[in-house]
Amino acid sequence: MTTVLTEAEAEADVTPAAVASQRRRRRAPGWLAVLPVLVFVAIAFGIPALAMLNGAFTVKDQTTGATSYTTANLTGSLQGAYLTALIGSVKLSAVSAGIATVLGLPLAQAVVTSRFRALREAVLTASGVLANFGGVPLAFAFVATLGNAGVLTQHLGLKDKGWNLYSFWGLVIVYLYFLIPLMVLTITPALEGLRSQWREAAQNNGATGIQYWRHVALPVLTPSLLGGLVLLFGSAFAAYATAAAMVGSAVPLVTLQIADAISGNVLVGQENVALALSLDMVLIAGLVMAVYLPLQRRSARWLEA
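Structural notes, computed from the coordinates. If you're wondering where the values come from, they're calculated on a predicted model, not measured in any experiment.

## Some details on the overall build of the protein chain
Working step 1: Looking only at helices and strands, one finds 13 helices and 2 strands in the protein chain.
Working step 2: Among the 305 residues that make up the protein chain, the fraction classed as buried is 33%.
Working step 3: Across the protein chain, contacts joining residues at least 24 apart in sequence account for 67% of those joining residues at least 6 apart.
Working step 4: Surface accessibility of the protein chain: about 18100 Å² in total, with carbon and sulfur atoms responsible for 66%.

Right under this line is the structure:
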């Protein structure tokens, strides 16, 4: 195999081995620049992950103080109230993510096809803000608006009609407040990647708008839609502060069970069960990411072709 040298290298009479060594040295500063980030990730995420993994399989004897490794914590995290909370979180995340995906797609399409650039930028900017608006402020805003004594509840007489914000569907509505903007941000690049030639070709062949979306646009967008659905599911699944401030224990959620187990509100000495619940969440999040990343790569391959 012949190595081709550049003109400068040939004039300097440099051997191929020396050239390869020099090129490796040129790449070294790039790795050194990434090294602090890797160290930070290892400290900020690696150490807590190892501590969680160790605690999830550790049981402490309350009388002797001795610790032993066992799977009792994991077994307990998949039984009784803990299992109910885990299923409740999965159900809440799946329902709210599905609704946000269905509502976010037409909204994003309206933004992409809008002729008013200022409106488009305003909606995308607002989506970026609202997608990160959560926690206690969001819970307070909905309680003041749609709670039992909220402004709209009193004005529209919603309480007499059976409305209850502090329920499963009330929590779904609250989650949609930040999930729909997140879906708009997620699907907008994919919508912008749709070629105008595809629509023109479909129209030239006599296809209607519905047929174009059914046979061309939606098949191309399916990986992006599924990827957005998975991303929304993960965001809703990890949410804690909003539900804790608004519904408390009225709706069983795994994040609330973890907080109760750590604080000892249920049973004393259940801290390691909370770590096992956290491990369950990590495993579910890992499955979510395992689905999301291939879908994202497939969508990028279609839209960048």
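## Here's the deal with the packing of aromatic side chains
Working step 1: As enumerated under the stated definition, the model contains 6 aromatic pairs in all.
Working step 2: Both rings, one in Tyr175 and one in Phe178, keep their centres 5.4 Å apart while their planes meet at 50 degrees; by these two values the pair is tilted. You can see Tyr175 and its partner Phe178 sitting in helix 8 (residues 168-192), 3 residues apart, about one turn around the helix. Summarising the burial analysis for this pair, Tyr175 and Phe178 share the class buried.
Working step 3: With a centroid separation of 6.0 Å and an interplanar angle of 75 degrees, the aromatic rings of Tyr212 and Trp213 are classed as edge-to-face.
Working step 4: Here a set of aromatic residues connected by ring pairs shows up, and it is made of Phe133, Phe142 and Tyr177.

## So, empty space enclosed by the protein
Working step 1: For the coordinates displayed, the defined rule picks out 1 cavity of 30 Å³ or more.
Working step 2: What the largest cavity holds in volume is close to 30 Å³.
Working step 3: Forming the boundary of the largest cavity are Ser89, Leu92, Ser93, Tyr175, Ala236, Phe237, Ala239, Leu253 and Thr255.
Working step 4: Sorting the residues of the lining of the largest cavity by element identifies helix 4 (80-112) and helix 10 (209-238) as the ones contributing at least two each.

## As for helix 4
Helical geometry note: an α-helix holds 3.6 residues per turn, so side chains three or four residues apart project in the same direction.
Working step 1: When the terminal C-alpha atoms of helix 4 are compared, their 47 Å separation across 33 residues agrees well with the 48 Å that a helix rising 1.5 Å per residue should span.
Working step 2: Maximal helix bending in helix 4 amounts to about 25 degrees, located at Gly104; proline Pro106 follows within four positions.

## Regarding helix 10
Working step 1: Compared with an ideal rise of 1.5 Å per residue, which puts 30 residues at 44 Å, helix 10 spans 38 Å between its outermost C-alpha atoms and falls more than 12% short.
Working step 2: Of all the bends in helix 10, the largest measures some 50 degrees and sits at Leu218, one to four residues before the proline Pro219.

## Topic: the packing of helix 4 against helix 10
Working step 1: In the contact formed by helix 4 and helix 10, the axes pass within 8 Å of each other and the chain directions differ by 140 degrees. Looking at the two axes, helix 4 sits oblique to helix 10. Two packed elements cross with a definite hand, and for helix 4 against helix 10 that hand is right-handed. Contacts between helix 4 and helix 10 involve Leu86, Ser89, Val90, Ser93, Ala94, Ser96, Ala97, Gly98, Ala100, Thr101, Leu105 and Gln109 from the first element and Trp213, Leu218, Leu225, Leu229, Leu232, Phe233, Ala236 and Phe237 from the second.
Working step 2: Taken together, the residues that form the contact of helix 4 with helix 10 break down as 14 nonpolar, 6 polar and no charged.

## A closer look at the nonpolar core
Working step 1: Leu171, Tyr175, Ile187 and Leu253 are the most contacted members of the largest nonpolar core, which has 58 residues in total.
Working step 2: When contributions to this core are tallied by element, the ones reaching two or more residues are helix 4, helix 6 (136-146), helix 8, helix 10, helix 11 (241-246), helix 12 (254-263) and helix 13 (271-303).
Working step 3: For this core, the leading source of residues is helix 8, giving 15 residues.
Working step 4: Once residues within four sequence positions are removed from consideration, Leu253 is found in contact with Ala85, Gly88, Ser89, Leu92, Leu171, Tyr175 and Ala243.
Working step 5: Core analysis: the second largest hydrophobic core is formed by 5 residues, Met52, Ala56, Leu74 and Leu279 among them.

## Here's the deal with the environment of Trp163
Working step 1: Relative to the helices and strands, Trp163 resides in the loop between helix 7 (151-156) and helix 8.
Working step 2: In this structure, the C-alpha to C-alpha distance between Trp163 and Thr153, residues 10 residues apart in sequence, is 8.1 Å.
Working step 3: When near neighbours in sequence (up to four residues on either side) are disregarded, Trp163 contacts Leu146, Thr153, Leu158, Gly170 and Ile173.
Working step 4: Within the structure, Trp163 has its side chain in polar contact with the backbone oxygen of Leu146 (distance 2.8 Å).

## Topic: the pattern of salt bridges
Working step 1: Scanning the entire structure with this criterion turns up 2 salt bridges.
Working step 2: Put simply, Arg117 and Glu121 hold a salt bridge, and the shortest N to O gap is 3.0 Å. Of this pair, Arg117 and Glu121 both sit in helix 5 (residues 117-130), 4 residues apart, which is roughly one turn of that helix.
Working step 3: On the basis of relative accessibility, which here comes to 64%, the residue Arg117 falls in the exposed class.

## Side note on the packing of helix 4 against helix 8
If you want to describe how two helices pack, look at the angle between their axes and the distance between the axes.
Working step 1: For the pair helix 4 and helix 8, interaxial distance at closest approach is 6 Å and the crossing angle is 45 degrees. In terms of their interaxial angle, helix 4 and helix 8 are classed as oblique. Crossing of helix 4 against helix 8: the hand is right-handed.
Working step 2: Classifying every residue of the contact of helix 4 with helix 8 by side-chain character gives 22 nonpolar, 5 polar and 2 charged.

Rules of the game
- Residues numbered from 1 in each chain as written.
- Predicted model: local features only at pLDDT ≥ 70, side-chain atom pairs only at ≥ 80, totals over all residues.
- Heavy atoms only, no water.
- Helix = DSSP H or I, 4+ residues; strand = E, 2+ residues; numbered from the N terminus.
- Buried < 20%, exposed > 50% of the residue type's maximum accessible area, 1.4 Å probe, protein only.
- Contact = heavy atoms within 4.5 Å.
- Areas by Shrake-Rupley, 256 points an atom, 1.4 Å probe, with all protein chains shown as cover.
- Phe/Tyr/Trp six-rings, centres within 6.5 Å; stacked < 30°, edge-to-face > 60°.
- 1 Å grid on protein atoms, 1.4 Å probe; cavity = no way out; pocket = protein on both sides within 12 Å on 5 of 7 lines; lining within 4 Å.
- Points joined across faces, edges and corners; volume = space filled by probe spheres on them.
- Expected span 1.5 Å × (residues − 1).
- Bend = angle between axes of the 7 residues up to and from the residue.
- Axes fitted to C-alpha atoms, helices over the stretch in contact; angles between N-to-C directions.
- Parallel < 35°, antiparallel > 145°, perpendicular 65-115°, else oblique.
- Left-handed = near helix turned anticlockwise from the far one by under 90°.
- Nonpolar A, V, L, I, M, F, W, Y, C, P; charged D, E, K, R; others polar.
- Core = buried A, V, L, I, M, F, W, Y, C linked by side-chain atoms within 4.5 Å.
- Polar contact = N/O pair within 3.5 Å; in protein donor to acceptor, adjacent residues only side chain to side chain.
- Salt bridge = Lys/Arg side-chain N within 4 Å of Asp/Glu carboxyl O.

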